Amino acid sequence: MNEEYKAQQIEEKIQKIWDEKSTFRAVEDPAKEKFYCLSMFPYPSGRLHMGHVRNYSIGDVISRFQRMQGKNVLQPMGWDAFGLPAENAAMKNKVAPAKWTYENIDYMREQLKRLGFAYDWDREIATCKPEYYRWEQWLFTRLFKKGMAYKKTAGVNWCPHDQTVLANEQVIEGKCWRCDTAVERREIAQWFMKITDYAEQLLNDIDLLEDWPEQVRTMQRNWIGRSQGVELQFEVAGGDAPLTVYTTRADTLMGVTYVAIAAEHSLAKKAAESNPVLESFIQACKTTSVAEADIATMEKKGMATGLMAIHPLNGEQVPIWVANFVLIDYGSGAVMSVPAHDVRDYAFAKAYGLPIKQVIYPADGSDALVQQEAYVEKGVLKNSAEFDGLSSEQAIDAIAAKLASLNKGEKQINYRLRDWGVSRQRYWGTPIPIIHCEKCGTVAVPEDQLPVVLPEDVAYGDDVGSPIKKMPSFYETNCPQCGGKAERETDTFDTFFESSWYYARFACPDAEQMLDDRARYWAPVDQYIGGIEHAVLHLLYARFFHKLMRDEGLLDSDEPFKRLLTQGMVLKDGSKMSKSKGNTVDPQQLIERYGADTVRLFILFAAPPDQSLEWNDEGVDGAARFLKRLWKLVATHLADQSAIARLDTAKLTSEQKNIRRKLHETITKVTDDIGRRHTFNTAVAANMELINELVKFNDDSEQGRAVTREAIENIVLLLSPIVPHITQQLWNELGHVEMLAEMEWPLCDESALVRDEIELVIQVNGKLRSKINVAVNADNKAVEALAMADAKIAANLEGKTVRKVIIVPGRLVNIVAN
């Protein structure tokens, strides 16, 4: 065995063997328990970053461990390849997005292979390939015919620089997350998916996700936002259509002092026709984000319309205001405003001198000074006519019943969740498979004409915008119904569309249909790994897509991911690594300097996977030193050419038994750390402790070498999911020909855990003075005698009289003397 650990040579050799043997190729086998492990696939931006390395190292350890548990494991990899970053990079570099994307995929694939991840590369997919996206087009056409997909004009966040719609989460402090341009509020015809039809299922099935972090489950519940309230109508003085509002606090209805409507509301537009100042205000609102987070923190602005709303119960008239915090697509675009009992309404009323009418008072009779701040708690009603004296809970029911009797309202369950806007106005995405015909209207592309292929050979000029909107060769077509001239839809799908079902396509990437029986075999994913930043939208959309595919008969499970692990960020100097901060670490340079195993070991040992990891160059050096120490341990052991005798546990000395007990305690701990707790750092630490004991265990006897060999071989097995290259080489050096990936995981020998002796602490007057080993079955008299015979204890008792000896079985002996 070479005494020097040459990481790069070893890793290149082992990876070549894996490729030749197709070691990680997954084949469906109904006779074996399956295990599908998946890490969120990367956007092919050009090269891996340390966040990728951490994510994929975690998944690889779990996959390799489960394989050694005897399960049929699938671990695939692919590319989330569509999206605006590729398009922006293409414009900047004057190159087609397809070329830029495919070159990045090739580079990053080699990086992943260099790290030794156990992927089944036969299942690789790229979402920008027509053979992938044709099936989401197929599903969309089916959903369109069912009414689950539709187009309507909606208020959106618009980035004037990137010329596209932004999701609320892509608006940061009113600006585009990519280019930092101030977003505008626009009304644009958009395609939507009726995710709200599944709101109740999506909410209830969160209870099935027992192995998801509670934080993520809470975030999903909050995003769906189920509430029980009352929908009611305010008539508009002058004969306009009534305003419909929804409230969860019907008990405050008698405290309404104004009604606020969105700038896009029809009443606002009507009022602005004769009011240039109001029209100017409405136009200004169009530069406001529609993201709820921004609306919550921005300055609340408004303007009176001159119109009055009629209270549904007392007939009083209250003014109708246009307010920048009311969104047209949330509810009806109108809200009843109760300044005394709502913080936002209070701030608005104070700003514009509107009345504040208190109708809820503390139940304990104390004062609530609503002229100083809103009183938002529930309590007892006053100033509420026939409802005075009722508690808030009683009043909600009573007022709802009153409104129902007058045909002016009813109880209703509402959701914060809104239908998913899936269309984007940029080029590099999946074409939406719709044809627009003047005669036939909106028509789905027939199945035999799918996929609608996105042209990849495009040229970019200096103007921003989608090339296919300027390509008659793409958008000019014939209507599949009447045969007349028609135009293709030139919007493309939101890239969340592709990432919402990729996990299922990995099961059958070559299927001549969306999914086949292989997807039923592998789904759901048993272990999913990814960042907490995807806790809401990606996971919610994937759950929605799973239920859509289930209802199309493509899958037979309700949820896509059984167990979820959200890994923490990789930090440097206290902040997240990013190119803009100049604090990134290039994995490629580390691999070339230290080898992949060192990088993997450091990233897994530095912190528990669900916590942030602070980058530390010294930690990388420490990981490299540990692997060299492991290599030296095996080399030193093999330098003695003596044959290894069969281990005979009946002949072991006390010290040999101690080493063997430490080994099997380590097997138990590492098995639990990796398999259940997913705390890979403590699994590594346990092996380090065992190696420390082995280094001190200098026993060249026949059974001593047998104990050492057993420990070394098991250390190699225990570390193999974490550092698979060095352990495979060491396994071969130890005389084995098998692939470690095909070996069984070590089992604990329970008999090795049984102790013949235990260590007891010896105290004199409560202070630690010595330690002794005694037989497990020694009685108190024998224990006392051994304690008194200890040289250190005898020295401490010299000249003193022993008054009492206290023995705590299995723990300590305390000698009281003076």
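Talk me through the overall build of the protein; I want residue IDs and the actual numbers.
When its secondary structure is counted, the protein shows 26 helices and 32 strands. Once the C-alpha set of the protein is aligned to its principal axes, its extents read approximately 105 × 75 × 50 Å. Burial analysis of the protein (818 residues in total) assigns 55% to the buried set. Considering only intrachain contacts with a sequence separation of at least 6, the fraction spanning at least 24 residues in the protein is 71%. Counting every atom, the protein has about 35800 Å² of accessible surface; 48% of that belongs to carbon and sulfur. Averaging the positions of the 97 positive and the 116 negative side-chain charges in the protein gives two centres separated by 2 Å.

A description of the side chain of Asp790 should follow, citing residues and the corresponding values.
Mapped onto the fold, Asp790 is located in the loop between α25 (780-789) and α26 (791-797). At 6.5 Å, Lys792 is the nearest oppositely charged side chain to Asp790, a buried residue that forms no salt bridge. Beyond its immediate chain neighbours, meaning those up to four positions away, Asp790 contacts Ser770, Lys771 and Ile772.

Residues and numbers for the layout of surface pockets, please.
By volume, the second largest pocket amounts to about 1100 Å³. Lining the second largest pocket are 33 residues, and of these Tyr246, Thr247, Val335, Asp342 and Arg344 sit closest to its centre. Broken down by secondary-structure element, the contributors of at least two residues to the lining of the second largest pocket are β8 (226-236), β9 (243-247), α10 (292-297), β13 (334-337), α11 (343-352) and β16 (409-415). When residues of the lining of the second largest pocket are assigned to their parent elements, the largest contribution, four residues, is made by β9.

Hey, could you go over the packing of aromatic side chains for me, with residue numbers and the actual values?
Going through the model one piece at a time under the given rule, you end up with 36 aromatic pairs. On the numbers, 5.0 Å between centres and 65° between planes, the contact of Phe140 with Phe493 is edge-to-face. One end of the pair, Phe140, is in helix α5 (residues 130-145); the other, Phe493, is in strand β23 (residues 492-493), and 353 residues separate them in sequence. Of the residues examined, Phe140 reaches a relative accessible area of 1% and is grouped as buried. Between Trp321 and Phe348, the aromatic rings sit 5.7 Å apart at their centres with planes inclined by 85°, giving edge-to-face as the arrangement. Of this pair, Trp321 sits in strand β12 (residues 317-323) while Phe348 is found in helix α11, placing the two residues 27 residues apart along the sequence. Assessed through its relative accessible area of 10%, Trp321 is described here as buried. Of the residues examined, Phe348 reaches a relative accessible area of 0% and is grouped as buried. In this structure an aromatic cluster arises from ring pairing among Phe140, Phe144, Trp191, Tyr198, Trp420, Phe493, Phe496, Phe497, Tyr541, Phe544 and Phe545. Over the ring of Trp135 we find Arg134; its NZ or CZ atom is 4.3 Å from the centre of that ring.

Pulling in residues and values, what's your account of the pairing of strand β11 (residues 302-310)?
Across two bridges, β8 lies against β11 in antiparallel orientation. Bridged to Val236 within β11 is Ala309. The sheet contact formed by β11 and β12 spans six bridges and is antiparallel. What sits directly across from Gly302, in β12, is Ala323. Here β11 hands over to β12 after six residues, with Gly315 in that stretch at a positive phi of 75°.

With reference to specific residues and values, describe the environment of Asn275.
The topology assignment puts Asn275 in the loop between α8 (266-272) and α9 (276-285). The exposure class assigned to Asn275 is partly exposed, which follows from its relative accessible area of 24%. Along the sequence, Asn275 and Lys781 sit 506 residues apart, while their C-alpha atoms lie 102 Å from each other.

Now, about empty space enclosed by the protein: what can you tell me, with residues and values included?
This model, assessed by the stated rule, comprises one cavity of 30 Å³ or more. Estimates place the volume of the largest cavity at around 70 Å³. In this structure, the largest cavity is lined by Trp18, Arg64, Met68, Ser720, Pro721, Pro724, Thr727, Gln728, Leu740 and Ala741. Among the elements of the structure, α2 (50-68) and α24 (724-733) are those that each provide at least two residues to the lining of the largest cavity. Ranked by residues supplied to the lining of the largest cavity, first place goes to α24 with three residues.

Kindly report on the environment of Arg543, identifying the contributing residues and their values.
Assignment of secondary structure puts Arg543 in helix α17 (residues 537-551). On the basis of relative accessibility, which here comes to 0%, the residue Arg543 falls in the buried class. When the C-alpha positions of Arg543 and Asp558 are compared, they lie 8.3 Å apart, and in sequence the two are 15 residues distant.

Residues and numbers for the sheet that holds strand β21 (residues 476-478), please.
Picture the strands of a sheet paired through backbone hydrogen bonds; they go either parallel or antiparallel. Overall, antiparallel pairing links the four strands, which are arranged β20-β19-β22-β21 in an open sheet. With partners counted over all chains shown, the strands left at the sheet margins are β20 (441-444) and β21, one partner each. Sheet twist, expressed as the average angle between the axes of neighbouring strands with direction ignored, equals 40°. Note: strand β19 (residues 434-437) against β20, four bridges, orientation antiparallel. Paired with His436 across the two strands is Thr442, which belongs to β20. Across the sheet, α5 is in contact with β19 and β20; its angle to β20 comes to roughly 135°.

Go over the environment of Pro560, please, and point to the residues and values.
Note on placement: Pro560 falls in the loop between α17 and β25 (561-567). Separated by 149 residues in sequence, Pro560 and Lys411 place their C-alpha atoms 34 Å apart. Among residues more than four places away in sequence, those in contact with Pro560 are Tyr503, Pro524, Val525, Ala542, Arg543 and His546.

Now, about the nonpolar core: what can you tell me, with residues and values included?
Membership of the largest hydrophobic core comes to 184 residues, with the highest contact counts inside it found for Met50, Met193, Met514, Leu515, Met549 and Trp615. Among the elements that line this core, the one with the most residues is helix α20 (residues 617-639), at 10 residues. Here Met549 is in contact with Leu139, Trp501, Tyr503, Ala504, Met514, Leu515, Leu554 and Leu555, once residues within four sequence places are set aside. The next biggest cluster of nonpolar side chains, apart from the first, holds 57 residues, and it includes Val230, Met254, Ala272 and Ala323.

Run through the packing of helix α19 (residues 596-605) against α20, naming residues and quoting values.
At a minimum axis distance of 9 Å, the contact between α19 and α20 shows a crossing angle of 120°. Overall, the two elements α19 and α20 adopt an arrangement that is oblique. For the pair α19 and α20, the sense of crossing is right-handed. When α19 is examined against α20, the residues Asp597, Thr598, Leu601 and Phe602 are found in contact with a partner set consisting of Gly619, Val620, Ala623, Ala624, Phe626 and Leu627. Here the contact of α19 with α20 is composed, by residue class, of seven nonpolar, two polar and one charged.

How each quantity is defined
- Residues numbered from 1 in each chain as written.
- Predicted model: local features only at pLDDT ≥ 70, side-chain atom pairs only at ≥ 80, totals over all residues.
- Heavy atoms only, no water.
- Helix = DSSP H or I, 4+ residues; strand = E, 2+ residues; numbered from the N terminus.
- Buried < 20%, exposed > 50% of the residue type's maximum accessible area, 1.4 Å probe, protein only.
- Contact = heavy atoms within 4.5 Å.
- Areas by Shrake-Rupley, 256 points an atom, 1.4 Å probe, with all protein chains shown as cover.
- Lys, Arg positive; Asp, Glu negative; His and termini not counted.
- Charge placed at Lys NZ, Arg CZ, Asp CG, Glu CD.
- Salt bridge = Lys/Arg side-chain N within 4 Å of Asp/Glu carboxyl O.
- 1 Å grid on protein atoms, 1.4 Å probe; cavity = no way out; pocket = protein on both sides within 12 Å on 5 of 7 lines; lining within 4 Å.
- Points joined across faces, edges and corners; volume = space filled by probe spheres on them.
- Phe/Tyr/Trp six-rings, centres within 6.5 Å; stacked < 30°, edge-to-face > 60°.
- Lys NZ or Arg CZ within 6 Å of the ring centre and 35° of its normal.
- Pairing = 2+ DSSP bridges.
- Axes fitted to C-alpha atoms, helices over the stretch in contact; angles between N-to-C directions.
- Core = buried A, V, L, I, M, F, W, Y, C linked by side-chain atoms within 4.5 Å.
- Parallel < 35°, antiparallel > 145°, perpendicular 65-115°, else oblique.
- Left-handed = near helix turned anticlockwise from the far one by under 90°.
- Nonpolar A, V, L, I, M, F, W, Y, C, P; charged D, E, K, R; others polar.

Scope: geometric values only; no functional claims are made or implied.
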